[in-house]
Amino acid sequence: MTERLDWIDPRVREWDCTVLWSDPEAGIVLDRSAFYPGGGGQPPDHGVLLWEGVQTRIVDTRKGDEQYLIPAPGDPVPAAGTTVRGAIDDARRSSLMRTHSGLHILCGTVFRDFGALVTGGNMQPGEARMDFNLPEVPPGFKQALEDAVNAEIVADRKIVARVLPRAEALEIPTLVRTQDALPPLDHPEIRVIDIVGLDVQADGGTHVASTAQVGRVEVVKVESKGRQNRRVRIRIADQVPPARSR
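Within each chain, residues carry numbers counting from 1 in the order of the written sequence. Totals for whole chains, interfaces and linings use every residue, but because this is a predicted model, local features are given only for residues with pLDDT of at least 70 and side-chain atom pairs only at 80 or more, for both listing and counting. Hydrogens and water are ignored here; the side-chain numbers use all heavy atoms of the structure.

An unreviewed UniProt entry annotates the protein chain as Alanyl-tRNA editing protein of Actinoplanes flavus. Annotation of the protein chain in UniProt includes, under Cofactor (unreviewed entry), the sentence "Zn(2+)". UniProt positions are given in the numbering used here, feature names are shortened, and annotations may be inferred rather than shown by experiment.

Spelled out as structure tokens, the structure:
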């Protein structure tokens, strides 16, 4: 199995590794990889593999029995046993980390203040949407929500990733915030993202280390998507304030 460096330390952007298996169409399997393979609404990382003076661009991933990195069409593919250096597109990954953490802050705030569960969501670097089972919204909801989310960002709450035994994780009452969803039944362990004091839920994505690192969140639009659902669209501001010293 590929060692998940993206879970061990999401700050890793370059690393050395060995190709375990490769095919120009099916993809490349590494013994160690910091490429996030996608899932939970977060798109996969892009980047390159560098080997013997050659560059292979990685433009997608495919999850199966292993994590398969998909090369750009026409790029050379290293053979099994080749030592390569992986490098992730830092701007894309960093933006996705801020965006994903911003969505968790949004989710935690809406659940705390309105008791609403998530019914869907999606993100791209710097912008995202999340749907909630929220039949009614009060006057001034859009601005009040933006203010509440940014108050949590200014609070500079720690964001901690933990892998827990399944039984222990399932004791967390807020573990699943998505309506009609459960963690995979065949996994003996569950990865949990804890925004300390605000939100704890199962999640496999990459995140920043504290809410202050998200930067300012703008609630761009609140839309009705049927009688029960409201879609909240957000954008992450470019400027990231410095984290407070602890």
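Run through helix α3 (residues 141–154), naming residues and quoting values.
Starting at the N terminus, helices and strands are each numbered in turn, a helix being any DSSP run of H or I of at least four residues and a strand any DSSP run of E of at least two. What a helix is expected to span follows from its residue count: subtract one and scale by 1.5 Å. Counted at 1.5 Å a residue, the expected span for α3 with its 14 residues is 20 Å, and the 20 Å between its end C-alpha atoms agrees. We call a residue buried when its accessible area falls under 20% of the maximum for its residue type, exposed when it is over 50%, and partly exposed in between, using a 1.4 Å probe and counting protein chains only. Among the residues of α3, Phe141, Leu145, Glu146, Ala148, Val149, Asn150, Glu152 and Ile153 are the ones counted as buried. Just downstream of α3 lies Asp156, where phi reads positive at about 55°.

So, the confidence of the model for the protein chain: which residues are in play, and what are the values?
Residues with a pLDDT of 70 or more make up 93% of the protein chain, whose mean pLDDT is 91. pLDDT runs from 0 to 100 and stands for how confident the predictor is about each residue. It only takes one pair of heavy atoms within 4.5 Å for two residues to be counted as in contact. Here residues 241–246 scores under 50 on pLDDT; set against residues more than four positions off or in separate chains, the count is 12 contacts.

So what's going on with the nonpolar core? Residues and values would help.
Remark: nonpolar core denotes a set of buried residues (Ala, Val, Leu, Ile, Met, Phe, Trp, Tyr, Cys) joined through side-chain atoms within 4.5 Å. Grouped together as the largest cluster of nonpolar side chains are 29 residues, with contacts concentrated most on Leu106, Phe132, Leu145, Val232 and Ile234. Those elements that place two or more of their residues in this core are α2 (90–114), β9 (118–124), β10 (127–133), α3, β12 (189–195), β14 (217–224) and β15 (229–236). In terms of residue count, the dominant contributor to this core is α2 (seven residues). With sequence-adjacent residues up to four places away left out, Leu145 is seen in contact with Leu106, Thr109, Val110, Val219 and Val232.

I'd love a proper account of α2, names of residues and values included.
Relative to the 36 Å expected for 25 residues at 1.5 Å per residue, α2 spans 36 Å between its end C-alpha atoms, a close match to the ideal helical length. Most of α2 is tucked away, with 18 of its 25 residues classed as buried. Under this definition, polar contacts are N or O atom pairs within 3.5 Å; protein pairs additionally need one hydrogen-donor-capable and one acceptor-capable atom, and for neighbouring residues in sequence, both atoms have to be side-chain atoms. Two or three places before Ala91, at the opening of α2, Asp89 has a side-chain oxygen 3.2 Å from that residue's backbone nitrogen.

Could you give an account of the pattern of salt bridges, naming the residues involved and the relevant values?
The salt bridge criterion pairs a side-chain nitrogen of Lys or Arg with a carboxyl oxygen of Asp or Glu, the two atoms within 4 Å. Throughout the structure, instances matching the rule amount to 18 salt bridges. Across the salt bridge formed by Lys221 and Glu223, the nearest N and O atoms sit 3.9 Å from each other. With relative accessibility at 43%, the residue Lys221 sits in the partly exposed group. Here the residues in one salt-bridge network are Arg112, Asp113, Glu152 and Arg157, joined through shared partners.

For the sheet that holds strand β13 (residues 199–202), give the residues involved together with the corresponding values.
Within the open sheet, the three strands sit side by side as β11-β12-β13. Their pairing is antiparallel. Edge positions in the sheet fall to β11 (159–165) and β13, since each has one partner strand and no second. The sheet shows a mean angle of 25° between the axes of neighbouring strands, direction not considered. Only when DSSP finds a minimum of two bridges between them are two strands counted as paired. Strand direction decides the pairing type here: β12 and β13, joined by four bridges, are antiparallel. For Val192, the partnering residue across the bridge sits in β13 and is Ala202. Angles shown run from 0 to 180 degrees and are taken between the N-to-C directions of axes, each axis being a line fitted to C-alpha atoms and, for helices, limited to the stretch in contact.

Mind laying out the side chain of Thr206, listing which residues take part and the relevant values?
Tracing the sequence through the fold places Thr206 in the loop between β13 and β14. Separated by 2.8 Å, the side chains of Thr206 and Gln42 make a polar contact. In contact with Thr206, not counting residues within four places along its chain, are Asp6, Pro10, Tyr36, Gln42, Arg93, Met97 and His100.

Tell me what's going on with the layout of surface pockets, and back it up with residues and numbers.
Taken as a whole, the second largest pocket spans an internal volume of roughly 300 Å³. Every residue lining the second largest pocket is counted, 19 residues in all, and those nearest its centre are Pro10, Met97, His207, Val208 and Ala209. For the lining of the second largest pocket, the secondary structure elements donating two or more residues are α1 (5–8), α2, β11 and β12. In this classification, Asp, Glu, Lys and Arg are treated as charged, Ala, Val, Leu, Ile, Met, Phe, Trp, Tyr, Cys and Pro as nonpolar, and every other residue, Gly included, as polar. Of the residues contributing to the lining of the second largest pocket, the split by class is 10 nonpolar, three polar and six charged. Each cavity reported here is a set of points on a 1 Å grid over the protein atoms alone in which a 1.4 Å probe fits but cannot get out, each pocket an open set with protein on both sides within 12 Å along at least five of seven lines, and each lining residue one with an atom within 4 Å of a point. Grid points are joined across faces, edges and corners, and a volume is the space filled by probe spheres set on the points.

Give a detailed account of the environment of Arg129, specifying residues and quantitative values.
Mapped onto the fold, Arg129 is located in strand β10. Each C-alpha atom of the pair Arg129 and Arg191 lies 23 Å from the other, and the pair is 62 residues apart in sequence. Beyond its immediate sequence surroundings of up to four residues, Arg129 is in contact with Leu103, Gly120, Gly121, Asn122, Arg231, Val232 and Arg233. Polar contacts involving the side chain of Arg129 include one to the side chain of Asp131, which spans 3.1 Å.

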